[in-house]
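What the coordinates show
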Amino acid sequence: MDVGPAPAEIKAPSSRKRRRIEDVKPVRVPSKASTRSKAADTPASATRVGKRLRHTVSTGRALAAQPATRVFALWRQDGHYYAGTVHSLQTGTKYLIKFDDETEDHVDVAMLRRCELRVGDGVILCHGNLRGTVVGISRMQSGSVSVEVDDGSDTISSDYAISDLRIASRAIQSHWKDRTLTADSIVTIIRPKSLRTTPSPSGMSLMSTTSLKHKKPFARTGFVVTLTVRTKHPEKMKDSVMLAIKHNGGTVIDDWSSIFPMEGTHSQSNKRWIASQENFKFKPTKPEFEGLERVFLLADDYNQKPKFLVALALGIPCLSNEWIRDDYLDKQTSPDWQPALLPAGFSESLSARVSQLVDLDWGNCKEHLTDIMSNTVASKLFSGKTVLCLGSDLVPLPSRGGRKGGPDATQDASRVVPWIMICMGASRVEAATEVKFASKDLPAYDYVVVKEATDFPEDLQDDVTLVHVPWVKDCLISGRLLALPSR
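Everything in this summary refers to the structure shown in the same document. Just so it is clear, the structure is predicted and the values come from calculations on it, not from any experiment.

**Quick word on the overall build of the protein chain**
Of regular secondary structure, the protein chain possesses eight helices and 22 strands. The 487 residues of the protein chain split such that 50% are buried. Here the contacts in the protein chain between residues at least 6 apart in sequence split such that 65% fall between residues at least 24 apart. Working note: accessible area of the protein chain is about 23300 Å², and carbon and sulfur atoms make up 49% of it.

Below, the structure is given as structure tokens:
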């Protein structure tokens, strides 16, 4: 099949902000260009704090002793939170935020958090895009905190200016709920002095602290690998991919069940199986998987193997294995993964190859992995639905000898279909070998799934929504619910 241009040629948008150039006239909302990484070459003290401006409350009365409110505010162009100062109330509940890198934007109060870092907070360094953890806040009032960064070879703790840090939106949603602001608690600036073009604090602390060399670009990153049947010399390619993963500090995961134990409840002499959303969670089965902060699937091309379909359903990026192999061979460090996205697959209903629906900031915080079922970007087509998978080939096998049944863990990949339905948002999935072993009457289920169209039971009631596995796969690839198959 002619698959067209390689995905790696697509240029992914940068996810970092750039300081405004001095001779560009300020605008009320920054352009897309301002989302790029800013450059700062002049070293200075990491604890330098800009000249304090005169501050006032929103009523207009000057309160010299009360400084303007410092916040972490959402920068919509890349979905991260950056440090800044509340400048003025605009309309409704939106405030003009002057970010520390001299960009500005109107941000709703719901997207503001107190500039209050705590020990244990996950952060991202603006330079180098390295993830770290706050380990010291004794100098926070002076504008810096201590951050520990583990690059896979060394763990280094250094002081960084708060303006050098950004916070992932998922981390804000999970851990910053007690750092929200209200209109009554915000102090604004009503007569700000003009901002001077000064060396960006980002990079100051990088210049003044221990230099971080990203020796292991894929530290704390797990990879599940799957190859298509079209691959020539599959063992040679697999060995090359595995070598690249390990050389760059990554971790090889045999299949998804190694980090998402796919456990349900068997009954009726293993002729019935039931699972719910609560059964699917990040629960590493090996010690080496416990420190993972992000995961990807690597493949030579899109396919419909269980590993690939589970990743699509969960919103885990499926990448060309050339991404990591090229990184290893060229001795580069941590390239952006977005250009390496494979197609989700070929949709028969749409007669087109369809792109994946993924969070382009995937992996910037561990919550993407530890709270994966809360991924709001993945298309949860069966959200809140109850599903019955009907047929002996669709019932997951019970664990044998301590091994959990999971994607690619059994010879019959169709037994993973119930788990794919869970990953696609179904609240409760049941699998039964025959109708008589189902716990409810068929009309009580939102969907009844059989393996093939030829497996449709005869004399079914009209109020039973009956579909087959190829339809489920095509919906997943297409990212939408398609017309129901005819009986």
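**Quick word on the packing of aromatic side chains**
What describes a pair of aromatic rings is the distance from one ring centre to the other and the angle between the planes of the rings. Under the definition given, this model contains 16 aromatic pairs. The side chain of arginine 179 reaches across the aromatic face of tryptophan 176, ending 3.7 Å from its centre. Directly above the aromatic system of tyrosine 445 lies the positively charged group of lysine 440, at a separation of 6.0 Å from the ring centroid.

**Some thoughts on the sheet that holds strand β13 (residues 265–267)**
Within the open sheet, the six strands sit side by side as β13-β14-β20-β19-β21-β22. Their pairing is mixed. Both outer strands of the open sheet, β13 and β22 (466–468), are each paired with one neighbouring strand and no more. Direction aside, the axes of adjacent strands within the sheet are offset by 20 degrees on average. Note that strand β14 (residues 272–276) and strand β20 (residues 428–432) share five bridges and pair antiparallel. Across the sheet, the residue bridging to alanine 275 is valine 429, located in β20.

**Quick look at the environment of arginine 487**
Turning to its location among the elements, arginine 487 is positioned in the segment after α8 (469–478). Assessed through its relative accessible area of 52%, arginine 487 is described here as exposed. Sequence-distant contacts of arginine 487, that is, excluding residues within four places in its chain, are made with Phe456, Leu460, Gln461, Asp462, Val464, Thr465 and Leu466.

**Some words on the side chain of asparagine 364**
Of note, asparagine 364 is situated in the loop between β18 (352–354) and α6 (367–370). One polar contact links asparagine 364 to histidine 80, side chain to side chain, over a distance of 2.6 Å. Here asparagine 364 is in contact with His80, Ile124, Arg131 and Ala168, once residues within four sequence places are set aside.

**Some thoughts on the side chain of arginine 170**
With respect to the secondary-structure elements, arginine 170 resides in helix α1 (residues 169–175). For arginine 170, a relative accessible area of 10% gives the class buried. Reaching out from arginine 170, the side chain makes a polar contact with the backbone oxygen of aspartate 371 at a distance of 3.0 Å. In contact with arginine 170, not counting residues within four places along its chain, are Cys365, Glu367, His368, Asp371, Ser374 and Asn375.

**Notes on the pairing of strand β2 (residues 80–89)**
Burial of β2 is extensive: nine of the 10 residues sit out of reach of the surface. Looking at chain direction, strand β1 (residues 70–75) and β2 are connected through six bridges and run antiparallel. Residue pairing for β2: arginine 70 is matched across the bridge by threonine 85. From the end of β1 to the start of β2, which pair antiparallel, there are four residues, and glycine 79 there has a positive phi angle of about 75 degrees. Pairing between β2 and strand β10 (residues 165–168): three bridges, direction antiparallel. In the sheet register, tyrosine 81 faces β10, and the bridge partner there is isoleucine 167. For β2 and strand β3 (residues 94–99), the ladder comprises five bridges, and the chain directions are antiparallel. Across the sheet, the residue bridging to glycine 84 is phenylalanine 99, located in β3.

**Some details on the pairing of strand β9 (residues 155–161)**
Of all seven residues in β9, five are buried; the element is thus mostly enclosed. Where strand β8 (residues 144–150) meets β9, seven bridges bridge the pair, whose relative direction is antiparallel. Within β9, the residue paired with valine 149 across the bridge is isoleucine 156. The loop that links β8 with its antiparallel partner β9 comprises four residues; one of these, glycine 152, has a positive phi angle of about 100 degrees.

**A word on the sheet that holds strand β11 (residues 221–226)**
The four strands are arranged β12-β11-β15-β16 in an open sheet whose pairing can be described as parallel. At either margin of the open sheet sits one strand with a lone partner, and together these are β12 (251–253) and β16 (318–320). This sheet shows a mean twist of 40 degrees between the axes of neighbouring strands, independent of strand direction. Alignment of β11 against β12, held across three bridges, turns out to be parallel. Following the sheet pairing, valine 224 is matched in β12 by isoleucine 253. In the packing of helix α4 (residues 306–314) onto the sheet, the strands contacted are β11, β15 (294–299) and β16, and the crossing angle to β15 comes to about 135 degrees.

**What about the nonpolar core?**
Counting 76 residues, the largest nonpolar core has Trp256, Ile259, Phe260 and Phe280 as its most contacted members. In this view, isoleucine 259 contacts Ile253, Lys281, Phe282, Lys283, Pro284, Phe289, Leu292, Val295 and Leu369; residues no more than four positions away in its chain are not counted. In terms of nonpolar packing, the next biggest core, distinct from the first, is built from 24 residues, Phe72, Ala83, Cys115 and Met140 among them.

**Digging into α8**
Because an α-helix packs 3.6 residues into every turn, residues spaced three or four apart end up facing the same way. Most of α8 sits out of view: eight of its 10 residues are buried. Along α8, the positions that sit buried rather than exposed are Val469, Trp471, Val472, Asp474, Cys475, Leu476, Ile477 and Ser478. Against the buried residues of α8 lie α4, β17 (345–347), β18, α7 (417–423), β21 (447–450) and β22.

**Comments concerning α4**
Of all nine residues in α4, nine are buried, a share of seventy percent or more. Within the sequence span of α4, burial applies to Pro306, Lys307, Phe308, Leu309, Val310, Ala311, Leu312, Ala313 and Leu314. Elements in contact with the buried residues of α4: β11, β15, β16, α7 and α8. Of the residues trailing α4, glycine 315 is marked for its positive phi of about 80 degrees.

**Side note on unusual backbone geometry**
Of note, glutamate 102 is a non-glycine position whose phi angle comes to about 75 degrees, a positive value. Residue position: glutamate 102 is located in the loop between β3 and β4 (104–108). The phi dihedral of serine 351 falls on the positive side, at around 55 degrees, and the residue is not glycine. Looking at the element boundaries, serine 351 is found in the loop between β17 and β18.

Each value, and the rule that gives it
Residues numbered from 1 in each chain as written. Predicted model: local features only at pLDDT ≥ 70, side-chain atom pairs only at ≥ 80, totals over all residues. Heavy atoms only, no water. Helix = DSSP H or I, 4+ residues; strand = E, 2+ residues; numbered from the N terminus. Buried < 20%, exposed > 50% of the residue type's maximum accessible area, 1.4 Å probe, protein only. Contact = heavy atoms within 4.5 Å. Areas by Shrake-Rupley, 256 points an atom, 1.4 Å probe, with all protein chains shown as cover. Phe/Tyr/Trp six-rings, centres within 6.5 Å; stacked < 30°, edge-to-face > 60°. Lys NZ or Arg CZ within 6 Å of the ring centre and 35° of its normal. Pairing = 2+ DSSP bridges. Axes fitted to C-alpha atoms, helices over the stretch in contact; angles between N-to-C directions. Polar contact = N/O pair within 3.5 Å; in protein donor to acceptor, adjacent residues only side chain to side chain. Core = buried A, V, L, I, M, F, W, Y, C linked by side-chain atoms within 4.5 Å.

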